[in-house]
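Below, each chain spelled out in residue letters.
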Amino acid sequence: MPINNLTIKLPKNEIPRVWYNVLPDLPEPLPPYLTPGNVPVEPQALAAIFPPALIEQELSTKRHFDIPEPVVEALSRWRPTPLTRAVGLEKALGVRSMIFYKNESVSPSGSHKSNTAMAQAHFNKIAGIRRLATETGAGQWGTALAIAGQYFNLDVRVFMVRVSLQQKPYRKTIMNLMGAEVLSSPSTVTNAGREAIKNDPDTLGTLGLAISEAVEEAASRSDTNYSLGSVLNHVLLHQTVIGQEIKKQLDIAGVKPDYLIACHGGGSNFGGMAVPFVPDVLSGQKINLIAAEPESCPSLSKGKYGHDHGDVAGLTPLLPMYSLGKDFQPPAIHAGGLRYHGASPIVSSLVKSGIVVPETVGAYELFQYAKIFSRTEFVIPAPESAHALAVTCRKALELEKEANPGVLVFVLSGHGLLDLSAYEDYLSEQPEKE
Ligand SMILES: *Cc1c(COP(=O)(O)O)cnc(C)c1O
């Protein structure tokens, strides 16, 4: 089947009706979450900050969960998302391989984060919760939860990492417009925040610290729960709509993927893409699952596997994951959404068992490819997504040495229209010769 300049759209009624839970299919069972005393965390201990449905999804080894009708309705505002063959990019690179991108930037928040935000808001609403507290790095998660809060009628308070707020002030404007309250983290409303300011008044803030603040607030108020935009199993579960749709779309295109690539910050867009293909890999299909991460924050590539806290203050359980250490201070790189010391336990387990391979990308390389992509596909990728794009381009170029080129798919996890200052920095450092 000749496919040229093809955007594969699924009809509305093809929206996934179940989430796929990879836990029963992992080659090694996921080690339990631990308390600081190294005792497995009891499900009740999570009830202070999460509703019962999300706790079940976090720990269950049930293979499928039905997506509740109100969530299907919310997702169908923008899903299924298109899978597009990047013919302009292929041509610019001069490769014979087919490159597709799954465009998650078409969601209301401009990123894949809306997939889990809607689900989490729904399950909190039906549990009688009135308010959600959360953290945000680059602002995409806060934006997604602000919109979901508005949709399901919940108040939202967002702790936004100070350096990101300085770099992207308009993200706060969007969240405010969507009805959420935004505080710069570290803030003075929590113990964790006050402690951090006391230790270093000039701190840039980190995602880990902002998590501490949001968890502290949720644990101390009965009307408030905590919402996390990445890392945890239930978040990856909600993101599996991405991979399920890619499967159907590649079937329609009549091709099988050789490479599936997504960027990895906490692992949710990567996991959402990759885990629906894990059963295929385990049954012998040759698919390279590659997690693209920044050179400056290489949790999967350089981190140590073991139990570590998800936050700086040590309020979260110890999670079995690759981690650079909870006190790791990532430099203020522009891909704010990838500045996280840890990694998803599920993705960590898949890396450990060799099913997923991590690769790092430097800032210069990713902006170079982001420029080519912008000029050939006319979509400006989020710098986070450009990590996946860069690895995809690298692989496509490598495949030119082979007799048979391949089929590469990457997730465009979000657009870069609120990251223009990062692009401005890049362009001003790279004056064009022509
Ligand atoms: C948050 C974010 C990421 C990183 O988070 P993951 O959980 O690793 O997916 C990547 N891309 C975009 C656009 C984001 O908003």
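Residues numbered from 1 in each chain as written. Predicted model: local features only at pLDDT ≥ 70, side-chain atom pairs only at ≥ 80, totals over all residues. Heavy atoms only, no water.

Q: Can you walk me through the packing of aromatic side chains in this structure?
A: The description of an aromatic ring pair uses the distance of the two centres, along with the angle that the planes make with each other. In the structure shown here, the tally under the stated rule is nine aromatic pairs. Taking 5.9 Å as the distance between ring centres and 50 degrees as the angle between the ring planes, the aromatic pair formed by Phe50 and Tyr226 counts as tilted. Here Phe50, found in the loop between helix H1 (43-46) and helix H2 (52-59), pairs with Tyr226, found in strand S9 (residues 224-226); they are 176 residues apart in sequence, far enough to count as distant. Assigned by exposure class, Phe50 and Tyr226 land together as buried. Between Phe367 and Tyr426, the ring centres sit 5.4 Å apart and the planes meet at 20 degrees, which makes this aromatic pair stacked. Taken together, the residues span a long stretch of sequence, with Phe367 in helix H16 (residues 363-377) and Tyr426 in helix H18 (residues 420-429) at a distance of 59 residues. (Phe/Tyr/Trp six-rings, centres within 6.5 Å; stacked < 30°, edge-to-face > 60°. Helix = DSSP H or I, 4+ residues; strand = E, 2+ residues; numbered from the N terminus. Buried < 20%, exposed > 50% of the residue type's maximum accessible area, 1.4 Å probe, protein only.)

Q: Quick question: what am I supposed to make of unusual backbone geometry here?
A: Backbone phi values are negative for most residues with the exception of glycine, while trans is the configuration of most peptide bonds. Look at the link from Arg79 to Pro80: it is a cis peptide, with omega at -10 degrees. Along the chain, the position of Pro80 falls in the loop between helix H3 (69-75) and strand S4 (83-85). Here the residue pair Ser185 and Pro186 is connected by a cis peptide bond, since its omega of 5 degrees sits within 30 degrees of zero. Here Pro186 is to be found in the loop between strand S8 (181-185) and helix H9 (191-199). A positive phi is found at Asn153, a non-glycine position, where the angle reads about 60 degrees. By the secondary structure assignment, Asn153 is in the loop between helix H6 (140-152) and strand S7 (155-161). Exposure remark for Asn153: the relative accessible area of 61% places this residue in the exposed category. Non-glycine residue Phe378 carries a positive phi angle of around 60 degrees.

Q: Just checking my understanding: could you explain the sheet that holds strand S6 (residues 131-136) for this structure?
A: Strands in a sheet are paired, the pairing made by backbone hydrogen bonds, and the direction either parallel or antiparallel. An order of S8-S7-S6-S9 is seen for the four strands of this open sheet, with the pairing classed as parallel. Edge positions in the sheet fall to S8 and S9, since each of these pairs with one other strand and no more. In this sheet, adjacent strand axes meet at a mean angle of 25 degrees when their direction is disregarded. In this sheet, S7 lies alongside S6 in parallel orientation, the contact comprising six bridges. In the sheet register, Glu135 faces S7, and the bridge partner there is Phe159. (Pairing = 2+ DSSP bridges. Axes fitted to C-alpha atoms, helices over the stretch in contact; angles between N-to-C directions.)

Q: For this particular structure, what's the right way to read the site of the ligand?
A: As a structural note, the neighbourhood of the ligand is formed by 17 residues, with Lys113, Ser230, Gly265, Ser268 and Ser413 the closest of them. The backbone of Gly265 places a nitrogen or oxygen atom 2.6 Å from an oxygen atom of the ligand. At 2.9 Å from an oxygen atom of the ligand is found a main-chain nitrogen or oxygen belonging to Gly267. The fraction of the free accessible surface of the ligand (380 Å²) that becomes covered by protein chains is 97%. Looking at the shell around the ligand, its residues break down into two nonpolar, 13 polar and two charged. (Near = heavy atom within 4 Å. Polar contact = N/O pair within 3.5 Å; in protein donor to acceptor, adjacent residues only side chain to side chain. Areas by Shrake-Rupley, 256 points an atom, 1.4 Å probe, with all protein chains shown as cover. Nonpolar A, V, L, I, M, F, W, Y, C, P; charged D, E, K, R; others polar.)

Q: Honestly, the packing of H16 against H18 in this entry has me stumped. Any pointers?
A: Between two packed helices, what matters for the description is the angle formed by their axes and the separation of those axes. Two numbers describe how H16 lies on H18: the axes approach to 11 Å, and their chain directions differ by 100 degrees. Taken together, H16 and H18 sit at an angle that is classed as roughly perpendicular. Residues Tyr364, Phe367, Gln368, Ala370 and Lys371 of H16 pack against Ala422, Tyr423, Tyr426 and Leu427 of H18. Here the residues of the contact of H16 with H18 are counted per class, giving seven nonpolar, one polar and one charged. (Parallel < 35°, antiparallel > 145°, perpendicular 65-115°, else oblique. Contact = heavy atoms within 4.5 Å.)

Q: Help me understand helix H10 (residues 207-219), please; the structure alone is not making it clear to me.
A: In an α-helix, one turn spans 3.6 residues; hence positions three or four apart end up facing the same way. Relative to the 18 Å expected for 13 residues at 1.5 Å per residue, H10 spans 18 Å between its end C-alpha atoms, a close match to the ideal helical length. Among the 13 residues of H10, 12 are classified as buried, and the element is accordingly described as predominantly covered. Looking at H10, one finds that the buried residues are Leu207, Gly208, Leu209, Ala210, Ile211, Ser212, Glu213, Ala214, Val215, Glu216, Glu217 and Ala218. Those residues of H10 that are buried lie in contact with S6, S7, S8, H9 and S9. (Expected span 1.5 Å × (residues − 1).)

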